[in-house]
Amino acid sequence: MTTTLSFDTAPDLRRIYATGALRRGSDSETLPDVRAVRDGIRVDLDALAAYVRVCRFPLSSTLPLTYPHLLAFPLQMAVMSHEGFPLPLLGAVHVTNAITLLRPLLVTDELALTVWAQDLRPHRRGRQVDLVSEARIEGELVWRGVSTYLSRGAGHPEAQVSDPPGLEPLADVPAGPVWRLAEGTGRSYAAVSGDWNPIHVHALAARPFGFPTAIAHGMYHYARALAALGPRLPEAGLTSRVWFRKPVRLPSTVRLRSAFEPSRTLSRLENLTGEVEHAVIENTW
Amino acid sequence: MASQPRPRAPRRAAVLGGNRIPFARANGPYAKASNQDMLTAAVDGLVARFGLAGERLGEVVAGAVLKHSRDFNLTRETVLGTRLDPRTPAYDVQQACGTGLEAAILVANKIALGQIDAGIAGGVDSASDAPIAVSEGLRQTMLAANRAKTPAQRAKALAGLRPGHFVPSVPENLEPRTGLSMGEHMALTAAQWGVIREAQDELAAASHRNLASAWDRGFFDDLVTPYLGVTKDTNLRPDSTVEKLSTLKPVFGRGEGATMTAGNSTPLTDGASAVLLASEEWAAEHRLTPLAWLVDAETAAVDYVHGDEGLLMAPVYAVPRLLARNGLTLQDFDLYEIHEAFAATVLTTLKAWEDPDFCRERLGLDAPLGAIDRARLNVNGSSLAAGHPFAATGGRIVASLAKQLKDNGGGRGLISICAAGGQGVVAILEA
């Protein structure tokens with residue numbers, strides 16, 4: 001039977017992290033049947049303004065593509081911190097994310113979110129799971145996000161891989177926006193997203209998890225990439241995918257190169273020499 | 001051999017339409033929105049309304065009065081965030097409250113000369129997200145330290161820092177050369193012309209009444225795009241009356257002669273507007289019907305610093321020059337849009353045009369311009385009711401007047417906008 005966790009307000013992520021830090025994840029081969037649900041969500045304009053400033057979106061009457069993810073993230077954490085969840089809360093790595101937007105979302109819309117986990121499966125370097133988030137307006141599905149998290153462990157070399165699309169279209173793209181990301185970038189994004197995962201906050205907090213420095217939130221530089229693509233993307237009816245590759249160590253300077261096709265954009269976030277690939281982003285419509 | 005270029009006759013520039021976001025009182029719903037955010041919303045709304053996505057226009061011209069130094073390229077940055085073709089050029093203008101109308105004149109003139117076929121003129125201001133700078137003392141000290149070549153020189157420069165240097169510099173609504181606020185200037189002029197309180201409150205009440213009725217009949221349905229959940233100008237008080245306005249305490253001027261209140265002065269406001277202008281040919285190619293033509297314009301300035309003339313009196317001088325050039329009298333207009341910086345500004349302007357001595361001595365006219373039919377003045381409300389985001393007011397007026405002329409089945413309209421620095425921008429629209 002499905003357990004439904006209902007929230008009137010966003011679950012407190014600091015509390016989830018504080019308790020979840022101790023939980024290591026079960027060895028279970030199956031996912032607990034849990035859904036996290038939050039209805040009647042009204043966009044807080046001050047919170048939205050803080051988010052768009054950090055990610056460089058304009059403050060407009062429509063929500064950034066990634067904003068519902070921000071609203072859904074605490075629900076994801078609630079699901080992942082639930083008893084019997086097979087992946088540990090901390091140290092899980094966001095490997096891919098896909099968002100489909102069916103219609104423009106207005107700042108005045110009232111959203112209902114449902115979040116669950118599905119498709120626990122092997123990964124070359126451990127196990128991965130999809131956290132599915134769906135946003136509805138008056139019962140109509142308007143936005144859907146699938147976040148895939150990896151827990152590193154016993155590898156499965158034979159596991160199916162989800163490779164990013166070929167980057168040939170980018171071969172002749174000489175330049176693109178360059179971002180100088182300060183050491184405190186993770187804290188800035190944590191302040192607007194509530195995602196205070198220690199790997200993003202400070203080098204000292206990141207080290208126990210195997211990172212020599214703090215690393216940028218994937219959803220931060222992904223959001224910045226979408227903001228940079230801005231009006232090149234349609235207002236709705238698109239699917240946006242990101243493959244997170246090498247983490248962005250903070251501080252760091254990165255560059256976004258993009259290729260534009262009639263109904264697709266393809267972008268690569270990389271270091272200035274192009275040797276390190278941080279993310280591949282594809283938008284299709 | 002290249003063919004000899006033919007001299008081109010100027011052509012008419014059409015106002016095709018406009019778009020603005022609802023104006024909102026400062027520190028209200030748009031408190032967190034930047035000038036770029038609001039101007040982007042206004043321009044993108046215009047782009048959506050006229051199907052201009054992906055279109056490369058001749059240029060976009062806009063400005064803001066209160067501007068952050070980082071926004072040096074505000075309009076171009078805005079264009080890059082809209083659905084216009086990113087190869088659309090843009091530049092900023094700034095002529096205080098005349099910015100929006102001056103931007104429209106600039107675009108219209110380039111269209112008239114055949115230099116461009118279509119363009120957008122706009123303006124934006126945020127009194128909420130105001131630029132705050134370091135104090136002049138801190139700035140000078142830091143610049144001196146930056147110029148220093150040795151650590152000793154740098155230490156010496158920095159030793160000049162004083163606690164007072166850390167008080168930030170906040171923009172003030174003061175005329176730099178007189179130290180008086182615009183309201184204080186207006187109060188002097190209003191007293192000089194004997195503009196009474198009741199007349200000001202009546203004008204303010206009419207502004208609210210007219211704006212409310214324009215909203216009620218759907219006049220703004222194709223002129224305004226909601227922004228951040230705001231669907232109507234937040235300063236509007238449909239139930240405003242002379243009786244209610246008469247209870248407010250004066251805020252400008254002194255003693256018996258103090259007549260200007262928060263009710264008959266414009267509030268600090270956030271907002272943005274944009275207007276689409278084009279040649280007749282471009283409009284036809286895009287299957288768009290001109291609302292009106294921007295026929296002519298004039299700017300004037302007065303020497304207000306030592307009290308020779310009132311700060312906001314420049315339009316009074318600009319209009320007779322514009323009329324003379326076009327062979328018109330002040331009564332040859334179906335509609336008048338006189339920007340309500342203060343109710344007293346409008347009333348003083350009208351009084352001056354009716355005054356034989358002033359018109360003879362100051363304007364060099366044989367006879368006064370005379371009175372206007374007040375029923376044709378600011379028929380859809382003006383800044384007292386809508387609010388006045390400085391650079392956005394011109395675009396609001398141009399679009400509204402053009403549409404009203406079209407709705408009337410034709411006619412001629414006069415726009416008059418006063419601006420800080422003793423300047424005035426006026427223009428004629430015809431449909």
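As annotated in an unreviewed UniProt entry, chain B is Acetyl-CoA acetyltransferase from Intrasporangium oryzae NRRL B-24470. The record held by UniProt for chain B lists under Sequence similarities (unreviewed entry) the comment "Belongs to the thiolase-like superfamily. Thiolase family."

An unreviewed UniProt entry lists chain A under the name Dehydratase, from Intrasporangium oryzae NRRL B-24470. The UniProt entry for chain A carries this comment under Sequence similarities (unreviewed entry): "Belongs to the enoyl-CoA hydratase/isomerase family."

With that settled, the discussion passes to the UniProt feature "domain: MaoC-like" (unreviewed entry) in chain A. The positions UniProt marks with the feature "domain: MaoC-like" (unreviewed entry) are residues 184–276 of chain A. Note that residues 184–276 of chain A is 31% helix and 27% strand, and that its end C-alpha atoms are spaced 21 Å apart.

Residues and elements named next belong to chain B. Those places that UniProt annotates as "active site" (unreviewed entry) correspond, in this numbering, to C97, H388 and C418. Of the residues just listed, which span 322 residues, no C-alpha pair is farther apart than 12.1 Å, and they cluster in one region. On the secondary structure map, C97 appears in the loop between β4 (90–92) and α3 (99–112). Leaving out residues up to four positions away in the same chain, C97 has contacts with H339, A341, F390, T393, I417, C418, A419 and A420. When you line up the elements, C418 lands in strand β11 (residues 412–419). Overall, the presence of 32 C-beta atoms within 10 Å leaves C418 in the buried class. Leave out the neighbours within four places in its chain, and C418 touches C97, L312, A314, P315, H339, A341, T345 and G424.

Summarizing the sequence annotation, UniProt attributes the feature "domain: Thiolase C-terminal" (unreviewed entry) to residues 289–430 of chain B in the numbering used throughout. Helix makes up 35% of residues 289–430 of chain B and strand 21%, and the two end C-alpha atoms of the span are 14 Å apart.

Before going further, it helps to examine the environment of K32 of chain B. Structurally, the position occupied by K32 of chain B is in the loop between β2 (24–25) and α1 (35–50). Linking K32 of chain B and L113 of chain B, residues 81 residues apart in sequence, is a C-alpha distance of 40 Å. Not counting residues within four places of it along the chain, the set of residues in contact with K32 of chain B comprises L45, D46, A49 and L59 of chain A.

Taken together, the contact between chain A and chain B spans 11 residues of the former and 13 residues of the latter. The residue makeup of the side of chain A that touches chain B, split by class, is 6 nonpolar, 4 polar and 1 charged.

Residue and element names in this part refer to chain B. Two elements in contact, helix α7 (residues 197–216) and helix α11 (residues 343–354), have axes whose closest approach is 9 Å; the angle formed by their N-to-C orientations is 110 degrees. In terms of their interaxial angle, α7 and α11 are classed as roughly perpendicular. Pair α7 / α11 crosses with right-handed handedness. For the pair α7 and α11, the contacting residues are A199, Q200, L203 and A204 in the first and A343, A344, V346 and L347 in the second. When the residues that make up the contact of α7 with α11 are grouped by side-chain class, the tally is 7 nonpolar, 1 polar and no charged.

The subject of this paragraph is the environment of G411 of chain B. Residues and elements named next belong to chain B. The topology assignment puts G411 in the loop between α14 (393–407) and β11. We classify G411 as partly exposed; it has 18 C-beta atoms within 10 Å. Note: C-alpha distance between G411 and F333 (78 residues apart in sequence) is 7.3 Å.

Let us look at the domain arrangement of chain B. Splitting chain B by domain gives domain 1 (136–166) and domain 2 (182–218 + 294–430). For domain 1 of chain B and domain 2 of chain B, the distance between their C-alpha centres works out to 48 Å.

To continue, consider the pairing of strand β6 (residues 140–152) of chain A. Residues and elements named next belong to chain A. The pairing of strand β3 (residues 93–101) with β6 spans 8 bridges and is antiparallel. Each residue of the ladder has a partner; that of T96, found in β6, is T148. Alignment of strand β5 (residues 126–137) against β6, held across 12 bridges, turns out to be antiparallel. What sits directly across from I137, in β6, is E140. Counting the residues in the hairpin turn of β5 and β6 gives 2 residues, including E138, whose phi is positive at 45 degrees.

Time to look at α1 of chain B. All names here are of chain B. Helix length check: α1 (16 residues) gives 23 Å between terminal C-alpha atoms against 22 Å at 1.5 Å per residue, within 8%. Counting buried positions along α1 yields 13 of 16 residues, so the element is predominantly enclosed. Among the residues trailing α1, G51 stands out with phi positive, at a value near 60 degrees.

Residue and element names in this part refer to chain B. Neither face of strand β10 (residues 335–338) is exposed, since L335 and E337 on one face and Y336 and I338 on the opposite face are all buried. The pairing of β10 with β11 spans 4 bridges and is classified as parallel. Within β11, the residue paired with E337 across the bridge is I415.

Time to look at the domain arrangement of chain A. Residues and elements named next belong to chain A. Structurally, chain A comprises domain 1 (1–162) and domain 2 (166–285). Of note, the centres of domain 1 and domain 2, computed from C-alpha atoms alone, are 18 Å apart. Contact residues are listed per partner, giving 30 residues for domain 1 and 27 residues for domain 2. Going through the elements one at a time, α1 (13–20), α2 (45–55), α3 (67–80) and β3 are the ones with two or more residues in the side of domain 1 that touches domain 2. Of all the elements, β3 adds the most residues to the side of domain 1 that touches domain 2, at 8 residues.

Residues and elements named next belong to chain A. If you trace the 11 strands from one edge of the open sheet to the other, you get β1-β2-β4-β5-β6-β3-β8-β11-β10-β9-β7, paired in mixed fashion. A strand with exactly one partner marks an edge of an open sheet, and here the two such strands are β1 (3–7) and β7 (178–181). Ignoring which end each strand starts from, the neighbouring axes of this sheet average 15 degrees apart. Together, β1, β2 (34–42), β3, β4 (110–123), β5 and β6 form the strand contacts of α3, whose direction differs from that of β4 by roughly 55 degrees. Sheet strands in contact with helix α7 (residues 218–229) are β3, β7, β8 (238–244), β9 (252–261), β10 (264–271) and β11 (277–284), and its direction is about 50 degrees off that of β11.

Core analysis: the biggest nonpolar cluster contains 198 residues, and V15, A104, L277 and L429 of chain B have the highest contact counts within it. Per-element accounting of this core gives the leading share, 10 residues, to α3 of chain A. Look past the residues within four positions of V15 of chain B in its chain and what remains in contact with it is V275, L277, P290, L291, A292, L294, V398, A402 and L429 of chain B.

What follows concerns unusual backbone geometry. Following L250 of chain A, the chain continues into P251 of chain A via a peptide bond in cis, with omega recorded as -5 degrees. At N27 of chain B, a residue that is not glycine, the phi angle is positive and equals roughly 60 degrees. Within the secondary structure layout, N27 of chain B lies in the loop between β2 and α1. Positive phi values are uncommon outside glycine, yet R287 of chain B reaches one of about 55 degrees. On the secondary structure map, R287 of chain B appears in the loop between α9 (280–285) and β9 (292–301). We classify R287 of chain B as exposed; it has 7 C-beta atoms within 10 Å.

Rules of the game
Residues numbered from 1 in each chain as written. Chains lettered and ligands numbered in written order. Predicted model: local features only at pLDDT ≥ 70, side-chain atom pairs only at ≥ 80, totals over all residues. UniProt positions renumbered as here; feature names shortened; annotations may be inferred. Helix = DSSP H or I, 4+ residues; strand = E, 2+ residues; numbered from the N terminus. Contact = placed C-beta atoms within 7 Å. Buried ≥ 20, exposed ≤ 12 C-beta atoms within 10 Å, placed from the backbone. Nonpolar A, V, L, I, M, F, W, Y, C, P; charged D, E, K, R; others polar. Axes fitted to C-alpha atoms, helices over the stretch in contact; angles between N-to-C directions. Parallel < 35°, antiparallel > 145°, perpendicular 65-115°, else oblique. Left-handed = near helix turned anticlockwise from the far one by under 90°. Domains from an automatic or database assignment. Pairing = 2+ DSSP bridges. Expected span 1.5 Å × (residues − 1). Core = buried A, V, L, I, M, F, W, Y, C linked by C-beta atoms within 7 Å.

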